[in-house]
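# Reading the structure
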Amino acid sequence: MSTPDAKQHWEERYSERNRIWSGRANVRLVEMVSNLEPGTALDLGSGEGGDAMWLAERGWRVVAVDIAETALRRAATDAVARGVGDRIDFQQHDLSESFPDGEFDLVNAQFLHSTFPLDRTAIFRSAARAVRAGGLLLIVDHGTPPPWLSELHGHHQTFTPPEEVVAALNLPESEWEPAKISTPMRDVTTPDGEPAQWSDNVILLRRR
Ligand SMILES: C[S@@+](CC[C@H](N)C(=O)[O-])C[C@H]1O[C@@H](n2cnc3c(N)ncnc32)[C@H](O)[C@@H]1O
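Residues numbered from 1 in each chain as written. Predicted model: local features only at pLDDT ≥ 70, side-chain atom pairs only at ≥ 80, totals over all residues. Heavy atoms only, no water.

## A short note on the overall build of the protein
What counts, and what does not: Put simply, DSSP marks the helices as runs of H or I at least four residues long and the strands as runs of E at least two long, and each gets a number from the N terminus on. The globule rule used for comparison is 2.2 Å times the number of residues to the exponent 0.38, while the radius of gyration itself is calculated over C-alpha atoms. Burial classes follow relative accessibility: with a 1.4 Å probe on protein chains only, a residue under 20% of its type's maximum area counts as buried, one over 50% as exposed, and anything between as partly exposed. Residues are treated as being in contact if the distance between any of their heavy atoms lies within 4.5 Å. Positive charges come from Lys and Arg, negative ones from Asp and Glu, while His and the chain ends are left out of the count. In this description, the location of a charge corresponds to atom NZ of lysine, CZ of arginine, CG of aspartate or CD of glutamate.
When helices and strands are counted, the protein shows six helices and eight strands. Taken from N to C terminus, the helices and strands of the protein fall in the order α-α-β-α-β-α-β-β-α-β-α-β-β-β. For the protein, whose C-alpha radius of gyration is 16 Å, the value lies close to the compact-globule estimate of 17 Å for 208 residues. Along the longest, intermediate and shortest principal axes, the C-alpha atoms of the protein span 45 × 40 × 35 Å. Within the span of the protein, comprising 208 residues, buried residues form 47% of the whole. A sequence separation of at least 24 residues applies to 72% of the contacts in the protein between residues at least 6 apart. Across the protein, 21 positive and 32 negative side-chain charges occur, with their mean positions spaced 4 Å apart.

What follows is the structure, given as structure tokens:
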């Protein structure tokens, strides 16, 4: 499926401001990966590169993929400034159409949501195929829309329970074991500066 509108949407989203995300790694990645020996990692929907740079700073070699060239350029500049430019290979892909080559010790997909139709199951199946034996697939989704939005205003986003996300992948039990499936809450700040809580859906699968 060709999704030029999705690319345009994300390019415009990133062009609205100099920076959208914090530049810090996502908290669930830090929780799950801090104690691992560094290896090779693939970051899907890498945005401005917070996760990829955090991994690279810990010795991982990273392929970071996003649909938005603006985000990739920004992340590549920051990676050089943080001294890890040579450890991250930034690649532009619309994951609905193409997927990076290679096998990885860790495949990370944090909040790979889009307001455009996105066949996440197909992308996560490709992600699973890219995990080498003994490696991990980490998927972190929002459990709900942002707590400060009462409705989604026609967005194509769905917030599927983690068990259903895993079941849809149809991965053979002989090859995969769930290392963690959980729905923790996270402290966030609303756009008005108010404290709030937002749920994450965390899926960590290990390839045997
Ligand atoms: C909600 S952001 C999350 C960014 C980053 N993972 C983070 O946690 O900060 C979703 C990201 O997915 C990217 N994205 C959306 N659709 C995509 C697609 N079809 N192929 C590749 N990347 C896509 C967007 O450009 C955006 O950077």
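Picking up after the structure, the text goes on.
## Some thoughts on the site of the ligand
Just so we agree on the cut-off: Proximity is defined per residue: if any heavy atom of the residue lies within 4 Å of a molecule or strand, that residue is considered near it. In protein, a polar contact requires one atom able to donate a hydrogen and another able to accept it; more generally it is a pair of N or O atoms within 3.5 Å, and residues adjacent in sequence count only if both atoms are side-chain atoms. Each accessible area value is a Shrake-Rupley result obtained with a 1.4 Å probe; residue values ignore everything except the protein chains displayed when judging cover. Only Asp, Glu, Lys and Arg are considered charged in this grouping, and only Ala, Val, Leu, Ile, Met, Phe, Trp, Tyr, Cys and Pro are considered nonpolar; every other residue, Gly among them, is considered polar.
Lining the immediate surroundings of the ligand are 17 residues, of which Tyr14, Asn26, Gly45, Asp66 and Asp94 lie closest. Between the ligand and the protein, one listed contact pairs a nitrogen atom with a backbone N or O atom of Leu95 at 2.9 Å. Relative to its free-state accessible area of 590 Å², the ligand is covered by the protein chains to the extent of 93%. Partitioned by chemical class, the residues of the shell around the ligand number eight nonpolar, seven polar and two charged.

## Observations concerning the environment of Glu194
Its place among the elements puts Glu194 in the loop between β7 (185-189) and β8 (195-207). Along the chain, Glu194 and Asp101 lie 93 residues apart, while their C-alpha atoms are 43 Å from each other. Not counting chain neighbours up to four residues away, the residues in contact with Glu194 comprise Val188 and Thr189.

## Remarks on the pattern of salt bridges
Side-chain pairs of opposite charge can arise where the charged atoms are in close proximity. The line we're drawing: By definition, a salt bridge exists where a carboxyl oxygen of Asp or Glu is found within 4 Å of a side-chain nitrogen of Lys or Arg.
Within the structure shown, the criterion is met by 14 salt bridges. With a closest N to O distance of 3.0 Å, Arg19 and Asp78 form a salt bridge. Taken together, the residues Arg19 in the loop between α1 (4-15) and α2 (27-33) and Asp78 in helix α4 (residues 69-81) connect sequence positions 59 residues apart. Judged by relative accessible area, which is 17%, Asp78 ranks as buried. We note a salt bridge from Asp200 to Arg186, for which the minimum N-O separation is 2.8 Å. With Asp200 in strand β8 and Arg186 in strand β7, the pair connects residues that are 14 residues apart, well separated along the chain. Among the residues examined, Arg186 registers a relative accessible area of 19% and is labelled buried.

## Overview of the packing of aromatic side chains
The test is simple: Working definition: rings of Phe, Tyr and Trp (its six-membered ring) pair if their centres are within 6.5 Å, and the pair is stacked with planes under 30 degrees apart, edge-to-face with planes over 60 apart, and tilted otherwise.
Taken as a whole and assessed by the stated rule, the structure comprises two aromatic pairs. Summarising the aromatic geometry, the rings of Trp10 and Tyr14 are spaced 6.2 Å apart at their centres and angled 35° between planes, so their arrangement reads as tilted. Of this pair, Trp10 and Tyr14 are both found in helix α1, four residues apart, which corresponds to roughly one turn of the helix. Residues Trp10 and Tyr14 agree in their burial class; the two are buried. Plain terms: the ring middles of Trp148 and Trp198 are 5.4 Å apart, the flat faces sit at 70° to each other, and that makes the pair edge-to-face. Taken together, the positions of Trp148 in the loop between β5 (131-142) and α6 (162-169) and Trp198 in strand β8 put the pair 50 residues apart, joining distant regions of the chain. For Trp198, a relative accessible area of 10% translates into the label buried.

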